[in-house]
Amino acid sequence: MFTTAVRQMRVAFSTVLGRPFSVRVVQRLVQDALATLEEFGSPGDDVGQLIDGPYADVGMRTALQTRALQRTARHLTARSSFYRDRFSAAGVDPARLTPDTLLQLPLMTRADLVSRQRDLLCGRPFLSTRSTGTTGVPVEVWLSRHEITLWPSLIALSLVLRGEITPDDHVQLSLSSRATAAVQEDVEMCGLVGAECSVIGLVPPDETLERLCGSVTVLNTYPSYLGALVTAARDRGLGPADFALHTINAGGELMSSALVAAAESTFGARVNDAYGATEVLPVGGRFCAHRHLHPDPNMGYAEVIDLSTGTPAAPGQLGTLVVTPYHPYRECMPVLRYDTRDLVRVPSADEPPCELAAIPAVSHILGKARDLLTTASGPVTPRDLVEVMDGLPGARWPVRFAAAQAGARVRVTVPADHAGGLSGSEIADRFAGHGIDAEVAVTAMTEADAQRLRPLRCDLLEHTFTRSERRAPVLVGDPA
């Protein structure tokens with residue numbers, strides 16, 4: 001127990017002082033946690049403090065954030081001319097950076113990350129990972145060897161301490177092959193915990209279901225692909241008794257409350273709506289019972305910036321989520337004030353407290369800023385539309401549709417096969433019930449045309465030779 005305490009102190013000091021983490025120490029803490037769970041059945045009374053870290057302390061948070069931002073700024077400006085120029089042009093001293101003076105620096109955009117890739121390198125690249133490109137030009141991010149060994153270790157420690165994974169689990173990864181960092185993290189994390197791991201990819205849903213009807217207990221995937229699995233499972237008459245799943249982690253896209261309920265009833269598993277983005281790795285976030293997103297304060301600094309003024313958004317206002325991962329968690333191709341273009345609201349002061357109240361929060365992700373629409377009654381976010389469409393009776397997920405501005409209203413185009421048997425006026429009435437003034441056109445179209453209305457990650461299928469397509473091998477000299 002004494003050696004465990006020493007390792008915990010070393011991790012705590014690294015977090016507070018910003019010293020490079022010893023991956024071996026974190027990995028040993030994972031084994032300590034597993035041994036404690038096996039012997040005592042619980043991780044101990046101080047588990048919350050170890051998971052949430054010192055940044056959850058309200059009194060310490062500002063001082064720790066300031067120190068972390070200064071540490072990160074020194075790392076960036078010492079190694080990248082791009083960042084030296086940014087600080088110089090803004091007249092900001094990296095050594096004296098604070099949350100207030102950080103606002104003087106310009107936001108970093110996806111275009112910066114795509115066009116200035118080599119200028120952003122602050123470490124030795126080892127592995128690249130790419131975004132899927134469903135919301136724009138794919139982004140490539142380079143990672144160092146240290147990053148891709150540290151991140152899985154920290155994730156494994158957090159999940160073990162929360163009781164979300166054990167050595168008895170079998171994790172299936174139904175993720176795009178482009179998501180090399182996510183796959184790498186999950187595979188390494190399973191290895192540290194001792195859990196089984198199957199890397200399946202985005203194969204046709206029926207193939208995935210065959211694998212899920214076995215020993216798989218945890219599924220990591222995307223919301224749209226999860227929707228396709230729900231539809232396929234229901235078509236085949238499958239239910240909770242056919243699966244061993246207890247947890248489904250789905251992130252990277254908007255996931256409606258209707259889809260969560262359908263997936264939980266179909267698979268008999270708890271569905272976690274995860275948040276993460278390739279550009280701001282390893283910063284992620286947890287959702288509380290009130291569906292607030294709590295970005296991890298230990299890994300990075302999160303802001304909500306007003307869409308019109310570029311200043312911090314006021315409580316209740318819409319804004320875009322801006323993230324700065326801290327050094328030494330991010331070292332190879334770091335980003336500073338990266339504008340994710342993910343829409344969120346700043347929670348109002350009168351919202352009830354949640355189980356994660358000590359950690360600053362924003363609203364649920366509401367969609368991308370470029371897809372924000374406006375009606376006479378106010379803004380309409382992509383989540384507003386998805387919640388209505390996914391909740392149509394008889395909906396077959398993933399539901400396809402397209403929305404555009406039409407004067408002071410929203411025009412929604414729905415493929416006939418995705419309308420749940422409703423007419424355009426009936427769907428418009430459902431939008432009206434949610435305070436959205438919309439005109440809806442239900443149109444007959446092919447599935448290929450429907451996919452073009454709303455590209456989703458489930459469209460990135462990686463086809464394999466299924467059993468029905470396999471043929472006997474043709475031998476050399478065979479007349480066939």
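Refer to the structure presented above.
Notes on the structure in this doc start here. (Residues numbered from 1 in each chain as written. Predicted model: local features only at pLDDT ≥ 70, side-chain atom pairs only at ≥ 80, totals over all residues. Heavy atoms only, no water.)

Observations regarding the sheet that holds strand 3 (residues 170-173)
As summarised here, the arrangement of the seven strands in space is 4-3-5-6-7-8-9, forming an open sheet in which the pairing is mixed. Unpaired on one side and paired on the other, strand 4 (196-199) and strand 9 (293-295) mark the two borders of the sheet. Each adjacent strand pair in this sheet contributes to an overall mean axis angle of 25 degrees, direction not counted. Examined bridge by bridge, strand 3 and strand 4 share four bridges and lie parallel to one another. Residue Gln172 lies in a different strand from strand 4, and its bridge partner there is Ser198. (Pairing = 2+ DSSP bridges. Helix = DSSP H or I, 4+ residues; strand = E, 2+ residues; numbered from the N terminus. Axes fitted to C-alpha atoms, helices over the stretch in contact; angles between N-to-C directions.)

Observations concerning the packing of aromatic side chains
Here the structure, examined in full by the defined rule, presents two aromatic pairs. Plain terms: the ring middles of Phe243 and Phe267 are 4.8 Å apart, the flat faces sit at 65 degrees to each other, and that makes the pair edge-to-face. Of this pair, Phe243 sits in the loop between helix 10 (223-235) and strand 6 (247-251) while Phe267 sits in helix 11 (residues 257-267), and the two are 24 residues apart along the sequence. Here Phe243 matches Phe267 in class, with each residue buried. (Phe/Tyr/Trp six-rings, centres within 6.5 Å; stacked < 30°, edge-to-face > 60°. Buried < 20%, exposed > 50% of the residue type's maximum accessible area, 1.4 Å probe, protein only.)

Observations concerning the sheet that holds strand 11 (residues 318-325)
Taken in spatial order, the three strands make up an open sheet running 10-11-12, and their pairing is antiparallel. Looking at which strands have only one partner, the edges of the open sheet turn out to be strand 10 (300-306) and strand 12 (338-345). Looking at each pair of strands side by side, their axes are set apart by 35 degrees on average, direction ignored. The sheet contact formed by strand 10 and strand 11 spans seven bridges and is antiparallel. Across the sheet, the residue bridging to Ala302 is Val323, located in strand 11.

Topic: the environment of Val137
Following the sequence through the fold, Val137 ends up in the loop between strand 1 (127-130) and strand 2 (140-143). Sequence spacing of Val137 and Arg110 is 27 residues, and the spatial spacing of their C-alpha atoms is 8.4 Å. Excluding its chain neighbours within four sequence positions, the residues that come into contact with Val137 are Arg110, Val114 and Ser131. (Contact = heavy atoms within 4.5 Å.)

Some thoughts on helix 13 (residues 424-433)
Every buried residue of helix 13 is accounted for by Gly424, Ile427, Ala428 and Phe431. Along the long axis of helix 13, the arc covered by the buried residues comes to 105 degrees, so they all point the same way. Exposed positions of helix 13 whose direction lies more than 90 degrees from the buried face are Ser425, Asp429 and Gly433. Count one or two residues on from helix 13 and you reach Gly435, which has phi positive near 80 degrees. (Arc of directions from axis to C-beta.)

Remarks on the nonpolar core
Judged by nonpolar contacts, the single largest core of 123 residues is most densely connected at Phe267 and Phe431. Of the residues forming this core, the biggest block, nine residues, is contributed by helix 7 (residues 145-162). Among residues more than four places away in sequence, those in contact with Phe431 are Leu385, Val388, Met389, Val412, Ile436, Ala438 and Val440. (Core = buried A, V, L, I, M, F, W, Y, C linked by side-chain atoms within 4.5 Å.)

Concerning the packing of helix 4 (residues 58-79) against helix 5 (residues 81-90)
For the pair helix 4 and helix 5, interaxial distance at closest approach is 5 Å and the crossing angle is 115 degrees. Handedness of the helix 4/helix 5 crossing: left-handed. Residue-level contacts link Ala73, Leu76, Thr77, Ala78 and Arg79 of helix 4 to Ser81, Tyr83, Arg84 and Phe87 of helix 5. Tallied by class, the residues present in the contact of helix 4 with helix 5 amount to five nonpolar, two polar and two charged. (Left-handed = near helix turned anticlockwise from the far one by under 90°. Nonpolar A, V, L, I, M, F, W, Y, C, P; charged D, E, K, R; others polar.)

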